[in-house]
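Spelled out, the chains give:
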Amino acid sequence: MNRLVNAFLLTSLIAGTSLVIFSNHWFPIWLGLELSTLSIIPLLSYTSQSRSVEATLKYFLVQAFSAALLLNGAVLNLWISNSWDVNSITSPISYFIITAALIIKLGLAPCHFWFPDVLSGLPFLSTIIIACWQKIAPMFLLLSLSNLVSSEIIIVCSILSVLVGGWGGLNQISVRKILAYSSIGHLGWITCVAFFIPEVSYLLFLFYILNNTAILLICHNGSLYYLSSLSKSNVVPITAILFSIALLSLGGLPPLGGFINKVIPLIVFSLNGNNFIIPFFLIGSLISLFFYIRIVFNTSLTLFPQHSLNIVSFRTGNSSLSQPIISTLIPITIWGLLLLPIFFLFI
Amino acid sequence: MMACVKYQGLCRHFILHSGVLRTIPVAHAGTLKTLHRSFSSEEKESFYGSLTRNFKLMTQEFVTKLKSPNIDTMFDRSRVLWEYKGPESLKEFKVVTDATIGGQSTAKLGISRNNKLLFTGNLNTDVPKDGETVRSGFCTLKTLQQFGSFNRKVEIDLTPFTTLHLRLRGDGRAYMINMYCNSYFTLTHDDVWSYFLFTRGGPHWQNVSIPFSKFFLSSQGRVQDKQSPVDLERVTSIGLTMADAVNGEFSLELGSIHVTYDATESEEFVYERYQT
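What you see is a predicted model, and the numbers here were worked out from it, not measured in a lab. (Residues numbered from 1 in each chain as written. Chains lettered and ligands numbered in written order. Predicted model: local features only at pLDDT ≥ 70, side-chain atom pairs only at ≥ 80, totals over all residues. Heavy atoms only, no water.)

Novice: How should I be thinking about the sheet that holds strand 12 (residues 216-219) of chain B in this particular structure?
Specialist: All names here are of chain B. Ordered by their spatial adjacency, 7 strands build an open sheet running 4-7-14-9-10-12-13, and the pairing between neighbours is antiparallel. With partners counted over all chains shown, the strands left at the sheet margins are strand 4 (93-97) and strand 13 (222-223), one partner each. The sheet contact formed by strand 7 (residues 139-143) and strand 14 (residues 235-242) spans 4 bridges and is antiparallel. If you follow C139 over to strand 14, its bridge partner there is M242. (Pairing = 2+ DSSP bridges. Helix = DSSP H or I, 4+ residues; strand = E, 2+ residues; numbered from the N terminus.)

Shown next as structure tokens:
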């Protein structure tokens with residue numbers, strides 16, 4: 001694609017998300033969500049392959065529907081409370097409609113069906129935008145609304161997301177679908193904490209984005225689309241090691257940084273007396289850990305008979321941009337546990 | 001019985017044709033039998049009967065998915081897609097010829113003397129006189145499309161594999177191997193990924209291995225400018241086509257079709273993909 005067009009679309013994408021974050025009025029928020037959706041459509045479908053176009057179309061339909069639902073909820077709230085202000089939601093019906101719209105946008109269970117399908121049809125660079133950047137705006141909105149009305153819906157959806165994210169990833173052999181279900185599970189953890197301490201959720205969400213971006217960039221560099229192709233990462237040993245560490249971090253194994261995403265929510269739940277929901281989260285987390293370890297096993301603990309011309313390479317390839325990004329993100333996954341004391345300032 | 005037939009100066013030996021050939025016409029051109037429809041054309045299933053059957057199927061599919069059959073799939077090394085096990089194996093195929101567009105080719109499915117699937121027929125390139133058709137002459141052997149609940153196409157996931165293998169014995173003529181995938185858009189319903197299959201006419205069996213990266217995209221018989229690799233997640237059918245534009249009889253014996261994972265296959269797609 002033309003670089004100017006690319007730059008314009010990325011700028012619109014950033015502008016749309018910024019508009020959502022910095023607005024207090026429902027109309028610019030809706031505008032920002034639509035702007036980011038429309039900006040990303042050409043970026044997703046530029047390869048013009050039928051699978052990419054299909055994923056783009058499905059993504060557009062889901063996002064457009066949820067944005068329309070959001071506007072519907074906002075207009076209903078305007079009718080009832082006579083205010084466009086984000087924090088002036090008084091009616092349970094309008095809160096329910098807006099929450100449902102945000103749950104669809106985020107891909108939380110039970111509205112998660114589109115997410116793995118869309119991600120599996122797109123190249124890895126596009127999945128980074130869908131799985132990381134496009135979650136920022138709706139997550140920000142959801143966290144802002146979390147303290148307004150009683151949020152049993154969010155807790156139920158979070159528990160469902162964690163369980164679906166774990167169970168759904170078990171049957172997958174496509175790395176993109178596995179990471180999609182992993183994303184659903186992680187968002188379940190983050191949204192449940194939002195109900196208790198929203199500030200902690202922001203930090204957990206940031207940490208999740210950084211971890212996920214590093215893994216997707218490594219997958220993009222090595223074209224690691226399926227479990228069977230993970231053995232190719234053995235050709236570059238440093239990639240295999242970094243990939244394994246990042247995945248185990250995402251799985252929440254101590255002493256890696258991803259353990260924060262598991263231990264902080266559990267502490268928050270127990271301090272608020274909600275011990276009954278902890279077993280569900282633990283079960284979902286342990287199930288999802290299985291498919292992370294399966295990927296790690298295929299990556300670093302198997303060695304297929306290689307062709308004699310496929311010698312081990314210690315150079316990581318020609319991608320100039322992704323290497324420094326990976327190099328900065330990976331230390332966060334390794335040393336992120338040192339940031340644990342920061343979270344106790346909010347608890 | 002050996003028969004030597006000359007095609008434009010080439011001599012092909014037909015050791016497969018014999019007087020004791022058993023032919024069991026299983027499928028005829030243009031018909032499509034699905035595995036889940038067991039009633040005859042006279043019986044019509046009631047609406048509630050159909051609804052109950054489909055919901056039962058859907059429940060079975062959901063329970064199967066819940067059991068996660070791929071949970072122990074670390075890396076699938078090989079899988080047999082089809083193997084000749086008896087006359088009932090022929091029911092998984094259908095034969096389509098250009099008779100559907102008014103052509104003169106004929107083809108049929110049978111069991112050979114060596115107790116394997118036999119795809120025989122006569123290719124005729126005479127163009128039907130309808131004023132529209134420009135070319136004619138094809139005979140296709142294709143696996144039947146499987147249907148799940150509510151008539152949804154069942155897709156075969158071949159993503160763990162890299163290579164398609166066929167065990168066959170040909171007549172020396174050139175065939176095409178086709179892979180059909182489920183498509184989301186009506187525009188891509190006719191997309192077919194194909195590759196050439198050159199057979200040896202000798203008495204020995206032939207093991208053909210074709211990487212999936214070598215299949216090229218064509219639609220309605222035209223090779224597309226913008227190429228893409230096979231969508232291995234959504235394969236619905238595999239077929240063989242005889243369309244080498246040479247009039248005459250053909251014969252192909254098929255033993256098995258299976259897929260394997262070859263770790264030395266590192267190419268994703270061998271053809272140029274032009275950037276626009």
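Novice: What is the right way to read the interface of chain B and chain A from this model?
Specialist: One frequent convention defines the size of an interface as the accessible area lost when the parts assemble. Taken together, the contacts link 29 residues of chain B with 33 residues of chain A. Together, the buried faces of chain B and chain A total about 2800 Å²; carbon and sulfur atoms form 55% of this surface. At the junction of chain B with chain A, the criterion picks out 5 salt bridges. We note a salt bridge from B:R234 to A:E54, for which the minimum N-O separation is 2.6 Å. (Contact = heavy atoms within 4.5 Å. Buried area = accessible area lost by both parts, 1.4 Å probe. Salt bridge = Lys/Arg side-chain N within 4 Å of Asp/Glu carboxyl O.)

Novice: Honestly, helix 3 (residues 50-81) of chain A in this entry has me stumped. Any pointers?
Specialist: Given 3.6 residues per turn, any residue in an α-helix points the same way as the ones three and four places further on. Its 32 residues place the ends of helix 3 of chain A 46 Å apart at the C-alpha level, agreeing with the 46 Å of an ideal helix rising 1.5 Å per residue. Of the residues one or two after helix 3 of chain A, A:N82 is the one with positive phi, at around 60°. (Expected span 1.5 Å × (residues − 1).)

Novice: Explain the packing of helix 9 (residues 175-196) of chain A against helix 13 (residues 278-300) of chain A here, please?
Specialist: The relative placement of two packed helices comes down to the angle between their axes together with the axis-to-axis distance. Residue and element names in this part refer to chain A. The geometry of helix 9 relative to helix 13 is characterised by a closest axis approach of 11 Å and an angle of 150° between their N-to-C directions. Put simply, helix 9 runs roughly antiparallel to helix 13. Read as a crossing pair, helix 9 and helix 13 show a hand that is left-handed. Contact residues: I178, S182, H186, G188, W189 and C192 in helix 9; F281, S285, F291, Y292 and I295 in helix 13. (Axes fitted to C-alpha atoms, helices over the stretch in contact; angles between N-to-C directions. Parallel < 35°, antiparallel > 145°, perpendicular 65-115°, else oblique. Left-handed = near helix turned anticlockwise from the far one by under 90°.)

Novice: Where do I start with the pairing of strand 9 (residues 174-181) of chain B in this structure?
Specialist: The side chains of a regular strand alternate, first on one face of the sheet and then on the other. Residue and element names in this part refer to chain B. Extensive coverage of strand 9 is indicated by the burial of 6 of its 8 residues. By the bridge criterion, 7 bridges tie strand 9 to strand 10 (residues 191-198) in an arrangement that is antiparallel. Paired with A174 across the two strands is F198, which belongs to strand 10. Here 7 bridges tie strand 9 to strand 14, and the two strands are oriented antiparallel to one another. Bridge pairing in strand 14 links M179 to I238. (Buried < 20%, exposed > 50% of the residue type's maximum accessible area, 1.4 Å probe, protein only.)

Novice: Just checking my understanding: could you explain the environment of A:F22 for this structure?
Specialist: Residues and elements named next belong to chain A. Examined against the element boundaries, F22 turns out to sit in helix 1 (residues 3-22). By relative accessible area, F22 is classed as exposed at 69%. Between the alpha carbons of F22 and L35 there is a distance of 15 Å; along the sequence they are 13 residues apart.

Novice: Help me understand the nonpolar core in this model?
Specialist: Soluble globular proteins tend to pack their nonpolar side chains together in the buried interior. Of all hydrophobic cores here, the largest spans 99 residues; its most connected members are A:W26, A:I40 and A:F243. Broken down by element, the residue count for this core peaks at 13 residues, all from helix 9 of chain A. When near neighbours in sequence (up to four residues on either side) are disregarded, A:I40 contacts A:L13, A:Y59, A:I129, A:I130 and A:Q134. Counting residues in each nonpolar core, the second largest holds 39 residues, with B:W82, B:F93, B:F161 and B:V230 among its members. (Core = buried A, V, L, I, M, F, W, Y, C linked by side-chain atoms within 4.5 Å.)

Novice: Looking at this model, I keep getting lost on the packing of aromatic side chains. Mind explaining?
Specialist: For any pair of aromatic rings, the description rests on two quantities: the centre-to-centre distance and the angle between the ring planes. The full count for this structure, using the stated rule, is 26 aromatic pairs over all chains. Judged by centre distance (6.4 Å) and plane angle (55°), the rings of B:Y195 and B:F215 are tilted. With B:Y195 in strand 10 and B:F215 in the loop between strand 11 (206-211) and strand 12, this residue pair connects regions lying 20 residues apart in the sequence. The exposure class of B:F215 is buried, given its relative accessible area of 0%. Ring geometry for B:F196 against B:F216: centres 5.6 Å apart, planes inclined by 45°, an arrangement best described as tilted. Residue B:F196 is found in strand 10, and its partner B:F216 is found in strand 12; the two are separated by 20 residues along the sequence. Overall, the relative accessible area of 39% leaves B:F196 in the partly exposed class. Site record: aromatic cluster; members linked through ring pairs are B:Y195, B:F196, B:F198, B:F212, B:F215, B:F216, B:F269 and B:Y271. The ring centre of A:F115 lies 3.7 Å from the NZ or CZ of A:K135, which sits over that ring. A cation sits over an aromatic face here: A:K262 above A:W189, 5.3 Å from the ring centre. (Phe/Tyr/Trp six-rings, centres within 6.5 Å; stacked < 30°, edge-to-face > 60°. Lys NZ or Arg CZ within 6 Å of the ring centre and 35° of its normal.)

Novice: I keep staring at the pairing of strand 6 (residues 117-123) of chain B and nothing clicks. Help me out?
Specialist: Residues and elements named next belong to chain B. Summarising burial for strand 6: 6 of the 7 residues are buried, a large majority. In this sheet, strand 6 lies alongside strand 5 (residues 106-111) in antiparallel orientation, the contact comprising 6 bridges. Opposite K108, over in strand 6, you have T120 as the bridge partner. Remark: 5 residues form the turn of the hairpin made by strand 5 and strand 6, two consecutive strands paired antiparallel; N115 in that turn has positive phi of roughly 60°.

Novice: Where do I start with a nonpolar patch on the surface in this structure?
Specialist: A grouping of A:W167, B:F62, B:V63 and B:L66 is seen on the molecular surface, where their side chains present a nonpolar patch of about 380 Å² in accessible area. With 3 residues, the single largest contributor to the nonpolar patch is helix 1 (residues 47-66) of chain B. Look at A:W167 and you get partly exposed, because its relative accessible area is 39%. (Patch = residues over 30% accessible without salt bridge, like charges linked within 9 Å, V, L, I, M, F, W, Y side chains within 5 Å. Areas by Shrake-Rupley, 256 points an atom, 1.4 Å probe, with all protein chains shown as cover.)

Novice: Even after reading the chapter, I still don't get the pattern of salt bridges, so can you show me in this structure?
Specialist: When charged atoms on two side chains of opposite charge get close, those side chains can pair. Tallying each qualifying case throughout the model produces 12 salt bridges over all chains. Between A:D117 and B:R234 there is a salt bridge; the shortest N-O distance is 3.8 Å. In this pair, A:D117 is assigned in helix 5 (residues 114-120) and B:R234 in the loop between strand 13 and strand 14, connecting two distinct chains. Across the pair B:R169 and B:E253 runs a salt bridge, and its minimum N-O distance is 2.9 Å. Of this pair, B:R169 sits in strand 8 (residues 163-169) while B:E253 sits in strand 15 (residues 248-260), and the two are 84 residues apart along the sequence. Of the two residues, B:R169 and B:E253, both sit in the buried class. Among the ionic contacts, a cluster of salt bridges with common partners joins A:R51, A:E54, A:K58, A:D117, A:K177, B:D231, B:E233 and B:R234.

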